[in-house]
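Below are the chains, spelled out letter by letter.
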Amino acid sequence: MPTNESRDAARSPRRRLRLALHPYGVGGPGQHGLWKDPRIAKNASIDINWYIAQAKAAEQALFDVFFIVDSQFINATYPPHYLNRLEPLTLLSAVATHTAHIGLVATMSSTYNSPFNLARRVASLDHISNGRAGWNVVTSFDTGASRNFGFDEHPDYATRYGRALEFVQVVRGLWDSYEDDAFPADVGRDIFLDPTRLHGLDHVGAHFKVAGPLNLSRSPQGQPVIFQAGVSDEGRALASRVAEGIFAPGGALDDTRAYYADVKGRARRLGRNADQIVVFMQAQPVIAATDADARRISREIFDADNDFGRKLAAFGRSFGAHDFSQYELDAPFPDVLELADRSGRTNAEAIVRRAREHNLTLRETVLAFTDYRPSPFTGDPTTVADAIELWFTERAFDGLMLGFRTDDDLARFTGDVVPLLQQRGLYRTEYDASTLRGNLGLLVPENRWSVAREHGLVSRTG
Ligand SMILES: Cc1cc2nc3c(=O)[nH]c(=O)nc-3n(C[C@H](O)[C@H](O)[C@H](O)COP(=O)(O)O)c2cc1C
């Protein structure tokens, strides 16, 4: 249990637990059989009304973020939700018109987009939602996406993450095209735009040439919030440079604490205020009336989806959707690490390391990496609230990025666990603001041109 001292520190007004919901419709990774649950509509992943209802339920429980993940490549073995789902910004634009406080964060690849288009689309969501938009920068895991965008090969890590950094810098530059007072819209003086408050970018870099300006003004939160997901060294370097939010994978308490300390430490060493980076850890709580019931249900969920052929197919994703069914299952793990060089290298390296260290066969390796690992947030509502409090206080995360199998599971969390977190002073009892930044405690970034003007560095003509 947390000490009183650490509890007090965690409960100070400066640090509040954050919550995000990421809906997985008919079933994400490891949930291949979820679509068969009678409580889940077979079209949930493409039904905008289902997403709106999810977002409203999360907003009712004062969640910070509604987060839509995405990818641009599938084959028939992919999880049901991946096979048939809506494009994130289109989806969130519709959700925006049915919600008022919850943040709306979309995953968009920096490898398979262009900065001008992306800057415009995310800024549009920011206006549509009155300052609630966020962009989760990913460099794309699936090598096959390259063939959907006219390239023979998926770029390697260095290229992907180099492009990602420059991409974010360009997008942020475009988001500063207009200063806040650019549009006097003064009929009396016949001035719609003050042209001294409009700025081009004229960016020329290793990956992009973008002239600007962007044809869209700043929203109430100044700029959309930048999130990042990806745990390689390159991913952490990017996060520490530019991320204001991070989506981190779950894991053991020690590992998640180490990850948290690492990314915040990197940011501090770059001169950033690490409190201005909110780390969300992925989790799928299992909550029931008693701890024993929750443990039983958790095991049943695993057993119902425990199909070796399906696991073998999913295993290939880190290795560029490689087909492992071509190998002898009881022979040593095949020599395929180089297939992951441009794919899920971090995960693939962990797999190959373990297989080599323990002389595992392919079958044993797949089983070792897909064995039963119950969520640390499994139990009755008090047990789950205790675990959340402990991990939060131990600085394994600032917030949780939560996935639930069914509406009932979400309702159980919001109805039974959230009130406990509120009673303990860990979680808000009302929204702090109407913007995503405001709710996450993130500062509004100053417009670079306005700052330069204040320092006398911009001429009257901009
Ligand atoms: C919590 C979490 C969520 C992620 N969500 C997405 C996603 O929606 N789409 C995507 O293409 N990649 C996603 N990624 C993967 C990253 O983009 C990254 O490509 C992948 O983790 C491999 O890079 P890495 O070795 O830096 O982790 C996610 C990663 C994490 C840890």
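In this text the structure is predicted, and so the values were computed from the model without any measurement. (Residues numbered from 1 in each chain as written. Predicted model: local features only at pLDDT ≥ 70, side-chain atom pairs only at ≥ 80, totals over all residues. Heavy atoms only, no water.)

Colleague: Explanation requested: the sheet that holds strand S12 (residues 399-402) in the structure shown.
Modeller: Strand-to-strand pairing in sheets goes through backbone hydrogen bonds, with the strands running parallel or antiparallel. What the 8 strands build is a closed barrel, ordered S1-S2-S3-S4-S7-S8-S9-S12; its pairing is parallel. Across the sheet, the mean angle separating the axes of adjacent strands is 25° when strand polarity is ignored. Sheet topology places strand S8 (residues 245-248) next to strand S9 (residues 278-283); 4 bridges connect them, and they run parallel. The residue bridging Phe247 from the neighbouring strand is Phe280, located in S9. Sheet contacts for helix H2 (residues 48-60): strand S1 (18-21) and strand S2 (65-68); angle to S2, the most-contacted strand, approximately 150°. This element, helix H7 (residues 233-242), spans strand S4 (133-138), strand S7 (225-228) and S8 of the sheet and lies at about 165° to S7. (Pairing = 2+ DSSP bridges. Helix = DSSP H or I, 4+ residues; strand = E, 2+ residues; numbered from the N terminus. Axes fitted to C-alpha atoms, helices over the stretch in contact; angles between N-to-C directions. Contact = heavy atoms within 4.5 Å.)

Colleague: Honestly, the side chain of Gln276 in this entry has me stumped. Any pointers?
Modeller: Following the sequence through the fold, Gln276 ends up in the loop between helix H8 (253-269) and S9. The buried category is assigned to Gln276, whose relative accessible area is 18%. A polar contact of 2.9 Å, which involves the side chain of Gln276, links it to the backbone nitrogen of Leu443. Excluding anything up to four places from it in sequence, Gln276 contacts Glu244, Gly441, Leu442 and Leu443. (Buried < 20%, exposed > 50% of the residue type's maximum accessible area, 1.4 Å probe, protein only. Polar contact = N/O pair within 3.5 Å; in protein donor to acceptor, adjacent residues only side chain to side chain.)

Colleague: Quick question: what am I supposed to make of helix H10 (residues 308-315) here?
Modeller: Residue pairs spaced three or four apart in an α-helix point in one direction, given the helix's 3.6 residues per turn. Among the residues of H10, those classed as buried are Arg310, Lys311, Leu312 and Phe315. Summarising the contacts, the buried residues of H10 are in contact with helix H9 (291-304), helix H11 (345-357) and helix H12 (362-369).

Colleague: Teacher, can you tell me more about the site of the ligand here?
Modeller: The environment of the ligand is made up of 19 residues, and the closest members are Asp70, Tyr157, Val231, Ser232 and Thr346. Within the side chain of Tyr157, one N or O atom sits 2.7 Å away from an oxygen atom of the ligand. At 2.8 Å from an oxygen atom of the ligand is found a side-chain nitrogen or oxygen belonging to Tyr161. Of all the elements in the fold, those that place two or more residues in the shell around the ligand are helix H6 (157-175) and S8. Of the residues assigned to the shell around the ligand, the class counts are 11 nonpolar, 7 polar and 1 charged. (Near = heavy atom within 4 Å. Nonpolar A, V, L, I, M, F, W, Y, C, P; charged D, E, K, R; others polar.)

Colleague: Looking at this structure, how should I read the packing of aromatic side chains?
Modeller: For the coordinates displayed, the defined rule picks out 25 aromatic pairs. For the ring pair Phe315 and Phe324, a centre distance of 5.6 Å and an interplane angle of 75° mean the geometry is edge-to-face. Accessibility expressed as a relative area gives 7% for Phe315, which makes it buried. Under the relative-accessibility criterion, Phe324 is labelled buried at 1%. Through a chain of ring-to-ring contacts, three or more aromatic side chains come together here, namely Phe315, Phe319, Phe324, Tyr327 and Phe333. In this structure, Arg160 packs its charged tip against the face of Tyr157, placed 4.5 Å from the ring centre. (Phe/Tyr/Trp six-rings, centres within 6.5 Å; stacked < 30°, edge-to-face > 60°. Lys NZ or Arg CZ within 6 Å of the ring centre and 35° of its normal.)

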